[in-house]
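Listed here are the chains, written in short residue letters.
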Amino acid sequence: MSWIEREQRRRQKLAGTQTGGDFTVPVDGAHALRALWQRIESANAALPQDLRLRRERARSLPESGPRILVWLHAPNGASLGYSGDSVRYVWPERNPKRSHNFWIRWNPIRGWLEVSQRISSGTPPVMKERRFDKARVDFIVRCLVQGERIKAAQLRKKRFWLF
C-alpha cells in the first residue's frame, strides 16, 4: 500500500468519526474476489508479451467440484484459477504428505479474504486458514512467471513487525 492510499484511508476515518457515522460501502465476498482477480489479470497484462501467463477459459464446467471459469497457466504447469467465489492455486508436483495447493476465499464472519490450505491427508482434513494480504498480488504473478512455488504462508497478512 502506498503512502497515498494510507493517507486517504486515514482521512476517511477522521471524516467518519467527526460526522458521527461510517459512510463506507460494505464489501461482500463477490466484489472482493472480483476485484482481486481483476488485479491479478491487470498485473499479468502489464507484463511484456513473452512473460505473460497463458489465459484460458474453461471449455466445460464439471458436474461436481470446483467450477473454475478462467485459468492463468505458468510455463511449468502451475495455475491460478478463478471460479467467481474463490481463487484456486494449483502446483503441478504432488506431495503425499501435504498439499501445495490452496484457495483464496471470502470469510463472511470475519469480513476479509483468507487463504485456506489442507495440511493433512487424513479424514476429515485439517485446514489452515490465514488472512490474505492484498499487497501480495504482484508476488503471486512474479512467482508464477518465474516458476517458483507459492507457499500459502507467504500470502498471509502479518500482524506484528517480526511475525
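Quick caveat: nothing in here was measured; it's all calculated off a predicted structure.

Peer 1: Go over the side chain of Asn107 with me, naming the residues and quoting the values.
Peer 2: Among the secondary structure elements, Asn107 is positioned in strand β5 (residues 102-107). Given the relative accessible area of 11%, Asn107 is considered buried. Among the polar contacts made by the side chain of Asn107, one reaches the main-chain amide nitrogen of Arg110 at a distance of 3.3 Å.

Peer 1: An account of the environment of Ser99 is needed here, citing residue identities and associated values.
Peer 2: Note that Ser99 resides in the loop between β4 (86-90) and β5. For Ser99, a relative accessible area of 25% puts it in the partly exposed group. Here the alpha-carbon distance between Ser99 and Arg118, two residues 19 residues apart in the chain, equals 6.2 Å. If sequence neighbours within four positions are ignored, Ser99 has contacts with Gln117 and Arg118. Among the polar contacts made by the side chain of Ser99, one reaches the main-chain amide nitrogen of Asn101 at a distance of 3.1 Å.

Peer 1: Describe the pairing of strand β3 (residues 79-82), with residues and values.
Peer 2: The side chains of a regular strand alternate, residue by residue, between the two faces of the sheet. Of the two faces of β3, both are covered, the one formed by Ser79 and Gly81 as well as the one formed by Leu80 and Tyr82. Bridge count for strand β2 (residues 70-73) against β3 is four bridges, and the pairing is antiparallel. When the bridges of β3 are listed, Leu72 appears paired with Leu80. Counted between consecutive antiparallel strands, the loop separating β2 from β3 contains five residues, among which Gly77 sits at a positive phi close to 105 degrees. Pairing of β3 with β4 involves four bridges; the strand directions are antiparallel. When the bridges of β4 are listed, Ser79 appears paired with Val90. Hairpin connection from β3 to β4: three residues lie between these consecutive antiparallel strands, with Gly84 at a positive phi of about 100 degrees.

Peer 1: Describe the pairing of strand β6 (residues 112-118), naming the residues involved and giving the relevant values.
Peer 2: Burial of β6 is extensive: five of the seven residues sit out of reach of the surface. Relative to β6, β5 runs antiparallel, the two sharing five bridges. Bridge pairing links Asn107 to Trp112 in β6. Connecting the antiparallel pair β5 and β6 is a turn made up of four residues, with Gly111 showing a positive phi of about 80 degrees.

Conventions adopted
- Residues numbered from 1 in each chain as written.
- Predicted model: local features only at pLDDT ≥ 70, side-chain atom pairs only at ≥ 80, totals over all residues.
- Heavy atoms only, no water.
- Helix = DSSP H or I, 4+ residues; strand = E, 2+ residues; numbered from the N terminus.
- Buried < 20%, exposed > 50% of the residue type's maximum accessible area, 1.4 Å probe, protein only.
- Polar contact = N/O pair within 3.5 Å; in protein donor to acceptor, adjacent residues only side chain to side chain.
- Contact = heavy atoms within 4.5 Å.
- Pairing = 2+ DSSP bridges.

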